[in-house]
Amino acid sequence: MQRKAIVIGATGLVGQHLVKQLSELYDTLIVIARRPPRYINASMRFYQVNDFDNLAEIFASVGVDRKTDAFSCLGTTKKQAGSDEAFRKVDYHYNVTFATLCQDKGVENFFLLSSMNADINSRFLYNRVKAETEQSIIRLDFAQLVVFRPSLLLGKHKGRPLESIGQKAFQFISPFVSESLSLHPISAKRVASAMAMSAHDIYERSKYRAEPIVKTVDIIENKQMLAMTRVKH
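To start, this report covers the structure provided alongside it.

1. Notes on helix 1 (residues 15-22)
Summarising burial for helix 1: six of the eight residues are buried, a large majority. The complete set of buried residues in helix 1 reads Gly15, Gln16, Leu18, Val19, Gln21 and Leu22.

2. Details of the nonpolar core
In this structure, Val14, Leu18, Phe71, Phe148 and Met195 are the most contacted members of the largest nonpolar core, which totals 32 residues. Residue assignment for this core shows that the elements contributing at least two residues are strand 1 (4-8), helix 1, strand 2 (28-33), strand 5 (109-113), strand 6 (144-149), helix 7 (188-206) and helix 8 (222-228). Counting residues per element, this core draws most heavily on helix 7, which supplies eight residues. Counting residues in each nonpolar core, the second largest holds 28 residues, with Ile8, Phe52, Leu74 and Ile137 among its members.

3. A few points about helix 7
Here helix 7 is 19 residues long and its end C-alpha atoms lie 27 Å apart, about the 27 Å a rise of 1.5 Å per residue gives. For helix 7, the complete set of buried residues consists of Ala188, Arg190, Val191, Ala192, Ser193, Ala194, Met195, Ala196, Ser198, Ala199, Ile202 and Tyr203.

4. Quick word on the packing of helix 1 against helix 7
At a closest axis distance of 8 Å, the pairing of helix 1 and helix 7 adopts a crossing angle of 40°. With respect to helix 7, the element helix 1 is oriented oblique. Judged by the twist between their axes, the crossing of helix 1 over helix 7 is right-handed. Contacts from His17, Leu18, Gln21 and Leu22 in helix 1 reach Ala188, Lys189, Ala192, Ser193, Met195 and Ala196 in helix 7.

5. Observations regarding the packing of aromatic side chains
One pass over the full model with this rule turns up seven aromatic pairs. Measuring from centroid to centroid gives 6.2 Å for Tyr26 and Phe71, while their planes differ by 80°, and the two rings are edge-to-face. Taken as a pair, Tyr26 in the loop between helix 1 and strand 2 and Phe71 in strand 4 (residues 68-72) lie far apart in primary sequence, 45 residues in all. Of the residues examined, Tyr26 reaches a relative accessible area of 4% and is grouped as buried. For Phe71, a relative accessible area of 0% puts it in the buried group. Ring geometry for Phe52 against Tyr94: centres 5.5 Å apart, planes inclined by 35°, an arrangement best described as tilted. In this pair, Phe52 sits in the loop between strand 3 (44-48) and helix 2 (55-59) while Tyr94 sits in helix 4 (residues 84-104), placing the two residues 42 residues apart along the sequence. Site record: aromatic cluster; members linked through ring pairs are Phe59, Phe98, Phe110 and Phe142. Just above the ring of Tyr26 sits the side chain of Arg3; from NZ or CZ to the centre is 4.3 Å.

Analysis parameters
Residues numbered from 1 in each chain as written. Predicted model: local features only at pLDDT ≥ 70, side-chain atom pairs only at ≥ 80, totals over all residues. Heavy atoms only, no water. Buried < 20%, exposed > 50% of the residue type's maximum accessible area, 1.4 Å probe, protein only. Helix = DSSP H or I, 4+ residues; strand = E, 2+ residues; numbered from the N terminus. Core = buried A, V, L, I, M, F, W, Y, C linked by side-chain atoms within 4.5 Å. Expected span 1.5 Å × (residues − 1). Axes fitted to C-alpha atoms, helices over the stretch in contact; angles between N-to-C directions. Parallel < 35°, antiparallel > 145°, perpendicular 65-115°, else oblique. Left-handed = near helix turned anticlockwise from the far one by under 90°. Contact = heavy atoms within 4.5 Å. Phe/Tyr/Trp six-rings, centres within 6.5 Å; stacked < 30°, edge-to-face > 60°. Lys NZ or Arg CZ within 6 Å of the ring centre and 35° of its normal.

Printed below as a string of structure tokens:
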């Protein structure tokens, strides 16, 4: 069976690693972004969108169906977006719009990058919006929805000075910090690996499933991602 996936947020910290890993698992990888991802190969079909408000127009021509796995790594910060409203538009509206378009096409498996601190009751806008996004996509009732909640992401953050400072500080203490701690920072590459591994696991299990699909929502917390991507020496 020809495998197909679609990704938004492919040029972000996690997304740039994810597209490279997914290109090794899927026969066709659809990427919708404002600019081409750093890694491109023959399996990719890139669709440029200058404004995600026009996502539905682009989506109409990409050939998504029920056997397409959908991944979203799309996200920003208030500082990058410029205002609370602009931040919410990216992190909530665009993600939920993408998920709704996928659901309308019959997509069964959806993989969402969220945040460890997603909390509908948080006093922080970032955490509340992440939780609202999760809840709205859960209500779309995908056959398989997997939500990934990483801690501090390790990697080159453009325009995120506080996270860069946090990474530098962590470099000094990392030898003394166990990965069993839930707040342990995680590299963007390992988050991408966890997403790709989860999708592949669902695919492998589906090949031997005789009974009807049981709809599930799986929340993959930071500690679990660290465990499933740990390199054994």
